[in-house]
Amino acid sequence: MSVKINRLSNGMRIVTENMPGMKSASIGVWVNVGGRHELESQNGIAHFLEHMAFKGTKRRSALQIAEAIEDVGGYINAYTSREMTAYYARVLENDVELALDVIGDIILNPIFDPNEIEVERGVILQEIGQSLDTPDDIVFDWLQEVSYPDQPLGRTILGPADKVSKFSRDDLSGFVKENYTPDQMVLSAAGSVDHNAIVAQAEVLFGDRKPGNRPAFVPGTFSNGERLENKDLEQAHFTLAFEGPNYKSPDIYTAQIFSTAFGGGMSSRLFQEVREKRGLCYTIFSSAGAYSDTGTLTLYAGTSGDQVAGLAEITMDELKRAADDMSDEEVARARAQMKAGLLMGLESPASRAERLARMVAIWDRVPDLDEVIARVDDVSTAMVRDFAGGLVQSQAMAMAVYGPLGSSLSVGDLQARLAA
């Protein structure tokens, strides 16, 4: 398999990987814009814009966009994150040109019909309402907010209903003009693809677009914080966050391996101690996420209100213990899980195209898989213990809890537990 990268004169990058034996392909455009690139008054507009991309262009109606892909048995979708918006399709090998034409059309030629804006506004307001009714969604938004207070990185991706209710056609057009410039885009494709053909088509579709001069985003600064909301639910949804390394930090692999060993699976410390031995919850896990300038190690558990404080204290005890006695066997198991997850995921053209886009966006290149595996293998038990020890020593954390609160709990309580 071979990765090829080209850059158009306006800065747009094109990366492809041909996968021999495949009869399908995944292709899309990843734009380096998300929730953290919004002004406070714009909170939610990146996500609104993603919805509007499918609501009609100068060449196709909303129905024609859907029919163009589905008539050939394909699939098209999009998503918005805090740092990126993606538009992608999965099609058979003979329909790659069509898929790129449709994706280019919805990105470059949206008409933002006022009637469609109002229809989609209603859809998004329903999505916001659904999120507010889903405790294990809303608690993570709260955790993000208290981890990065009064910062773009801490705001919800969907945005608040009062702001979404006011976005106008001019607001959408202005956001596109400032952020959807070719120097902020990566066109990625994997599967049965012809690199030269994709580059030639990209030149036709995007080549006349001018690069932009977008202001730098506000850096993320992690902060201690907490939000606890007492609510008559069946469970208390407990979340905890520690600051982690950013994408480019050499510690990112250590953080991911620690997270896997600590709470990433059925054999992890948290799962075994909190669920299997004590029966305090059904779901408990940790994950290590990263941004371009910071990162977050996140813990989640759902438990009864009268047990949430005890669960939190056990979590602190297990964190301290991990800094002292995380074993070679646990680290080896986490390394194996991480490598297997990476390699298994890359059997899919969609996963591979996503990885290509993200690697080019972060590194301006695609690290060889052997290089990545070597970095994973280089993480030692001592490095994992030191990482855990750094979390214990810093005592910097944020917490959000939603549900019945049977006893008092605060970040200060947990910090004292770590210091004890």
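It should be emphasised that the depicted structure is a prediction, and the values quoted were computed from it without experimental measurement.

1. Some points on the packing of aromatic side chains
Next, step 1: Enumeration over the complete set of coordinates arrives at 11 aromatic pairs.
Next, step 2: Judged by centre distance (6.5 Å) and plane angle (20°), the ring pair of Trp-30 and Tyr-88 falls under stacked. Within this pair, whereas Trp-30 is found in strand E3 (residues 24-31), its partner Tyr-88 is found in strand E5 (residues 85-92), the two being separated by 58 residues in sequence.
Next, step 3: You can call Trp-30 buried: its relative accessible area is 2%.
Next, step 4: Here Phe-258 and Phe-387 contribute two aromatic rings whose centre-to-centre distance is 5.5 Å and whose plane-to-plane angle is 55°, an arrangement assigned as tilted. Placement of the pair is Phe-258 in helix H9 (residues 252-263) and Phe-387 in helix H15 (residues 381-394), with a sequence separation of 129 residues.
Next, step 5: Residue class for Phe-387 comes out buried when judged on its relative accessible area of 14%.

2. Details of helix H7 (residues 169-179)
Next, step 1: Listing the buried residues of H7 in full gives Leu-172, Phe-175, Val-176 and Asn-179. Along the axis of H7, the buried positions cluster into a sector of 100°, meaning they face one direction only. Structural note: H7 exposes Asp-170 and Lys-177 on the side pointing more than 90 degrees away from its buried face.
Next, step 2: Of the surrounding elements, those touching the buried residues of H7 are E3, helix H1 (45-52) and helix H4 (114-132).

3. What about the packing of helix H2 (residues 62-70) against helix H3 (residues 96-108)?
Next, step 1: Relative to each other, H2 and H3 sit at 160°, their axes nearing to 10 Å. Classified by the angle their axes make, H2 and H3 are roughly antiparallel. For the pair H2 and H3, the sense of crossing is left-handed. Residues Ile-65, Ala-68 and Ile-69 of H2 pack against Leu-98, Ala-99, Val-102 and Ile-106 of H3.
Next, step 2: Within the contact of H2 with H3, the residues separate by chemical class into seven nonpolar, no polar and no charged.

4. A look at the sheet that holds strand E1 (residues 2-7)
Next, step 1: Spatially, six strands are ordered E1-E2-E6-E3-E5-E4 in an open sheet, and the strand pairing comes out mixed. Two strands close off the open sheet at either side, each with one partner strand: E1 and strand E4 (75-80). Averaged over all pairs of adjacent strands, the angle between their axes in this sheet comes to 15°, without regard to strand direction.
Next, step 2: One ladder, built from eight bridges, connects E3 with E5; its direction is antiparallel. Opposite Ser-24, over in E5, you have Leu-92 as the bridge partner.
Next, step 3: Sitting on the sheet, H3 touches E3, E4, E5 and strand E6 (185-191), and the angle it makes with E5 is about 155°.

5. A look at unusual backbone geometry
Most peptide bonds take the trans form, and the phi angle of most residues other than glycine is negative.
Next, step 1: The phi dihedral of Asp-364 is positive, around 65°, even though this residue is not glycine.
Next, step 2: Structurally, Asp-364 can be placed in the loop between helix H13 (349-363) and helix H14 (369-377).
Next, step 3: A positive phi angle is found at Gln-395, which is not glycine, with a value near 55°.
Next, step 4: Mapped onto the secondary structure, Gln-395 falls in the loop between H15 and strand E11 (398-403).
Next, step 5: Judged by its relative accessible area of 22%, Gln-395 falls in the partly exposed class.

6. Comments concerning the pattern of salt bridges
For side chains bearing opposite charge, pairing can occur when the charged atoms are close.
Next, step 1: Enumeration over the complete set of coordinates arrives at 28 salt bridges.
Next, step 2: In this structure, the salt-bridge partner of Asp-101 is Arg-60, at a minimum N-O distance of 2.8 Å. One end of the pair, Asp-101, is in helix H3; the other, Arg-60, is in the loop between H1 and H2, and 41 residues separate them in sequence. Per residue, the accessibility class of Asp-101 equals that of Arg-60, and both read buried.
Next, step 3: Notably, a salt bridge pairs Glu-318 with Arg-321, separated by 2.8 Å at the nearest N-O pair. In this pair, Glu-318 and Arg-321 are both assigned in helix H11 (residues 308-325), three residues apart and thus about one turn of the helix distant.
Next, step 4: Counted as one network, the salt bridges with shared partners bring together Arg-269, Glu-318, Arg-321, Asp-325 and Glu-330.

Rules used in this analysis
Residues numbered from 1 in each chain as written. Predicted model: local features only at pLDDT ≥ 70, side-chain atom pairs only at ≥ 80, totals over all residues. Heavy atoms only, no water. Phe/Tyr/Trp six-rings, centres within 6.5 Å; stacked < 30°, edge-to-face > 60°. Helix = DSSP H or I, 4+ residues; strand = E, 2+ residues; numbered from the N terminus. Buried < 20%, exposed > 50% of the residue type's maximum accessible area, 1.4 Å probe, protein only. Arc of directions from axis to C-beta. Contact = heavy atoms within 4.5 Å. Axes fitted to C-alpha atoms, helices over the stretch in contact; angles between N-to-C directions. Parallel < 35°, antiparallel > 145°, perpendicular 65-115°, else oblique. Left-handed = near helix turned anticlockwise from the far one by under 90°. Nonpolar A, V, L, I, M, F, W, Y, C, P; charged D, E, K, R; others polar. Pairing = 2+ DSSP bridges. Salt bridge = Lys/Arg side-chain N within 4 Å of Asp/Glu carboxyl O.

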